[in-house]
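As a plain string of letters, each chain reads:
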Amino acid sequence: MTQFLSLLLNGVSLGALYALIALGFVIIFKASEVVSFTHGSLLLLGAYTIARASDSIGFFPAVLVGLAVTALAAVLVERLIINRLRGAAVISLAIVTIGVDIIILTEMIRRIGSDILNVPHPWGGGSFRLGDVGISQNRLVAIAVAAVLIGLFFAAFKYSNWGIAMRASAEDGETAALMGIKQGQVSALAWVVAGILAAVAALFLVGSPTPGVTPAAYAVGLRAFPAAILGGLDSTGGALVGGLLIGIAEALAAGYQDQLLFLGRGFSAVVPFIVMIAVLMFRPSGLFGTKELTRV
Amino acid sequence: MLSIDSLHVTYGGAVQAVRGVSMEVPDGKVVAVLGSNGAGKSTLLRTISGTLRLHRGKVDAGSVRLGDLDLVGRDPGQIVRAGVVQVPEGRRIFGRLTVEENLRAGGMGNKDKAAKAKAQERVFEMFPVLKERSSQRGGLLSGGEQQMLAIGRALMASPKLLLLDEPSLGLAPRIIGQIGEVIAEINRQGTSVLLVEQNATMALGVADLAYVLDVGEVSLSGDARELAQTDEVQRLYLGHDGEQAPLRTSAVSGKKLSRWTA
């Protein structure tokens, strides 16, 4: 039982981080009508920047620099490429983002090489125990920070002018334009927010129990895609639920891998995708997605 | 206030939707534009509002001016801030947003907070039902209420010139009458109106001046009341001439065929 609770807690933490990434994925889809595959490499860029910068300027300033660099990279992708291709088919845009992703990823791999960069988290690599239920301190802080950010995000999405402009523009872009809502601005801001959320997730994903920044962090970013898709590509609530679901499923599969040995080692890494496929078989538009996504 | 001079618009570089249209909307007046499907009415409004590009349309020649300001080539946001706001055809309210959020979206182009508060007060005064339902999703309103919301949303930007694209479309006759009264009231409060309609009875009842568009060209224009008396308008738009009925039916069925193939 305690093992189960530990795994559940770790799963929630991982899931909260997936949810951060998936939220960015969803708002980019809503605002720019792009399925963006740049998230894995943006995540790596964020982690790399934080790790490198913290050597010279200390941890907290480095985090700020990392968030800024990732947000800047995201908004550059939007301004220089996506915005200029507005009106292109969704599938072409998705493939363009895969191209961008490969370019950033390749550069990251070249820079990191076979090193393992360390991010000196001030909360250290220790773990927190409550009775027999344990979680790394890093993942515990992650839950708190993610909860605050997700709360802020949903509040902004519901109440702020940006949120209303975003939702109006996602529902009917031309009419939103007739109201004086600038789609370009809404879209650029969505990429900035997505970049920041991805960098925050990166900050925790490269801490304990993960060894540090390696190109493997890219694969972690990829596992957030199923979270967004099974929640319903255009649903922010779905991204949250999907993230948690996938985080918990992955943590449970990793924790019980001795019992699941007949499926082979490292099975937990593919669990997010299996969960996604299982959900999509019964609900093709995801748990909370709009049934018809094609615009007329 | 708004003057359009020999405007030519094409879609995709080939289809001429508007050919040499000239039109004036004088300050403080209601101007109606009548015409059947495909006459170029919506193209005209898209040109004024700057959304032509979203439909791959292009102004080939001519000008659209608001006072001294040339509107051609400006983006929709700039045109809203200049005081020209459109109520699009088919209402196009944001169905997943609440009534209040729809109104807030309408005020996005309006940076002046005091003006926005005043506009909201005016909207609730004119359409009390919107206040009652302010926390409901727009999609749950009836057709007439949605049209009220669409008009109220546009008024949130405090327009000097309001463009209405077929506000009577799909509404019951009684509601159409109310829409007519609302337009007259908005105009009394100092907003000029350009009203595009297929419902000529309502449009000519509320308008000061009227233009008839036919396949992209102005075929008739003048004082709305005088125009309502002319034979062409009586026959084509008010349906007062019984003799023309068979001819109209065949014209309609011909159109239907071409639409199926299109």
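For the structure, see preceding data.
Notes on the structure in this doc start here. (Residues numbered from 1 in each chain as written. Chains lettered and ligands numbered in written order. Predicted model: local features only at pLDDT ≥ 70, side-chain atom pairs only at ≥ 80, totals over all residues.)

Some details on the overall build of chain A
Link 1 in the chain: Summing up its helical and strand segments, chain A has 12 helices and two strands in all.
Link 2 in the chain: Along chain A, helices and strands appear, N-terminal first, in the series α-α-α-α-β-β-α-α-α-α-α-α-α-α.
Link 3 in the chain: If one aligns the C-alpha atoms of chain A with their principal axes, the spans along those axes are about 60 × 50 × 35 Å.
Link 4 in the chain: Burial statistics for chain A: of 296 residues in total, 52% are counted as buried.
Link 5 in the chain: Long-range contacts, defined here as pairs at least 24 residues apart, represent 76% of the contacts in chain A between residues at least 6 apart. (Helix = DSSP H or I, 4+ residues; strand = E, 2+ residues; numbered from the N terminus. Buried ≥ 20, exposed ≤ 12 C-beta atoms within 10 Å, placed from the backbone. Contact = placed C-beta atoms within 7 Å.)

What about the overall build of chain B?
Link 1 in the chain: Helices and strands together make up the secondary structure of chain B, namely 11 helices and 10 strands.
Link 2 in the chain: The globule rule puts the C-alpha radius of gyration for 262 residues at 18 Å, and the 18 Å found for chain B is close to it.
Link 3 in the chain: The principal-axis extents of the C-alpha atoms in chain B amount to approximately 50 × 40 × 40 Å.
Link 4 in the chain: The burial tally for chain B puts 45% of its 262 residues in the buried class.
Link 5 in the chain: A separation of at least 24 residues holds for 68% of the contacts in chain B among residues at least 6 apart in sequence. (Rg over C-alpha atoms; globule rule 2.2 N^0.38 Å.)

Thoughts on the packing of helix α3 (residues 99-106) of chain B against helix α6 (residues 143-155) of chain B
All names here are of chain B.
Link 1 in the chain: The geometry of α3 relative to α6 is characterised by a closest axis approach of 7 Å and an angle of 40 degrees between their N-to-C directions. Here α3 runs over α6; the crossing is right-handed. Between α3 and α6, the residues in contact are V99, N102, L103, A105 and G106 and L149, G152, R153 and A154, respectively.
Link 2 in the chain: For the contact of α3 with α6, a count of residues per class yields five nonpolar, three polar and one charged. (Axes fitted to C-alpha atoms, helices over the stretch in contact; angles between N-to-C directions. Left-handed = near helix turned anticlockwise from the far one by under 90°. Nonpolar A, V, L, I, M, F, W, Y, C, P; charged D, E, K, R; others polar.)

Considering the interface of chain B and chain A
Link 1 in the chain: Listed as interface residues are 20 residues of chain B and, on the opposing side, 16 residues of chain A.
Link 2 in the chain: Of all elements in the fold, only α2 (76-81) and α3 of chain B reach the threshold of two or more residues within the side of chain B that touches chain A.
Link 3 in the chain: Its residues placed into classes, the side of chain B that touches chain A shows nine nonpolar, six polar and five charged.

A word on the sheet that holds strand β9 (residues 209-214) of chain B
Residue and element names in this part refer to chain B.
Link 1 in the chain: Taken together, the six strands give an open sheet; going across it, the order is β6-β7-β8-β3-β9-β10, and neighbouring strands pair in mixed fashion. Either end of the sheet is taken by a strand with one partner, and the two such strands are β6 (84-87) and β10 (217-223). With strand direction ignored, the average angle separating the axes of adjacent strands in the sheet is 15 degrees.
Link 2 in the chain: Pairing of strand β3 (residues 30-34) with β9 involves four bridges; the strand directions are parallel. From the neighbouring strand, L34 faces β9, where its bridge partner is V212.
Link 3 in the chain: Contacting β3, β6, β7 (161-165), β8 (192-197) and β9, helix α1 (residues 41-49) runs over the sheet at an angle of about 145 degrees to β7. (Pairing = 2+ DSSP bridges.)

Here's the deal with unusual backbone geometry
Residue and element names in this part refer to chain B.
Link 1 in the chain: In this model, R92 sits at a positive phi of 45 degrees, which is unusual for a non-glycine residue.
Link 2 in the chain: Position of R92 relative to the elements: it lies in the loop between β6 and α3.
Link 3 in the chain: Even without being a glycine, V215 presents a positive backbone phi close to 45 degrees.
Link 4 in the chain: Inspection of the secondary structure assignment puts V215 in the loop between β9 and β10.

Here we look at the pairing of strand β1 (residues 127-130) of chain A
Link 1 in the chain: Alignment of β1(A) against strand β2 (residues 133-136) of chain A, held across four bridges, turns out to be antiparallel. Residue A:L130 lies in a different strand from β2(A), and its bridge partner there is A:V133.

Observations regarding the environment of A:D55
Link 1 in the chain: On the secondary structure map, A:D55 appears in helix α2 (residues 39-57).
Link 2 in the chain: Considering only alpha carbons, one finds A:D55 and A:A74, 19 residues apart in sequence, at a separation of 24 Å.

Brief notes about helix α4 (residues 90-112) of chain A
Residues and elements named next belong to chain A.
Link 1 in the chain: With 23 residues, α4 ought to run about 33 Å at 1.5 Å a step, and its terminal C-alpha atoms sit 33 Å apart, in line with that.
Link 2 in the chain: Those residues of α4 not exposed but buried are L93, T97, V100, D101, M108 and I112.
Link 3 in the chain: Among the structural elements, α2 and α3 (59-82) are those in contact with the buried residues of α4.
Link 4 in the chain: Directly after α4, the chain includes G113, whose backbone phi takes a positive value near 60 degrees. (Expected span 1.5 Å × (residues − 1).)

Brief notes about the sheet that holds strand β1 (residues 2-11) of chain B
Note: strands within a sheet are paired through backbone hydrogen bonds, in either parallel or antiparallel orientation.
All names here are of chain B.
Link 1 in the chain: Strands sit in the order β2-β1-β4-β5 across an open sheet of four strands; the sheet is antiparallel. The open sheet has two edge strands with one neighbour each: β2 (15-25) and β5 (69-70).
Link 2 in the chain: With eight bridges joining them, β1 and β2 adopt antiparallel strand pairing. Along β2, the bridge assignment pairs L7 with V21.
Link 3 in the chain: Along the sheet, α1 makes contact with β1, β2 and β4 (57-66), crossing β4 at roughly 65 degrees.

So, α6(B)
Residues and elements named next belong to chain B.
Link 1 in the chain: The terminal C-alpha atoms of α6 lie 18 Å apart, and with 13 residues this matches the ideal 18 Å at 1.5 Å per residue to within 8%.
Link 2 in the chain: With 11 of its 13 residues buried, α6 lies for the most part within the structure.
Link 3 in the chain: Looking at the packing, one finds that the buried side of α6 touches β6, α3, α4 (113-126), α5 (128-132), β7 and α7 (173-188).

Remarks on the pairing of β6(B)
All names here are of chain B.
Link 1 in the chain: Covered by surrounding structure in β6 are V84 and Q86 together with V85 and V87, the residues of both alternating faces.
Link 2 in the chain: In the sheet, β6 pairs with β7 via four bridges, with the strands oriented parallel. Note on β7: the bridge partner recorded for V87 is L164.

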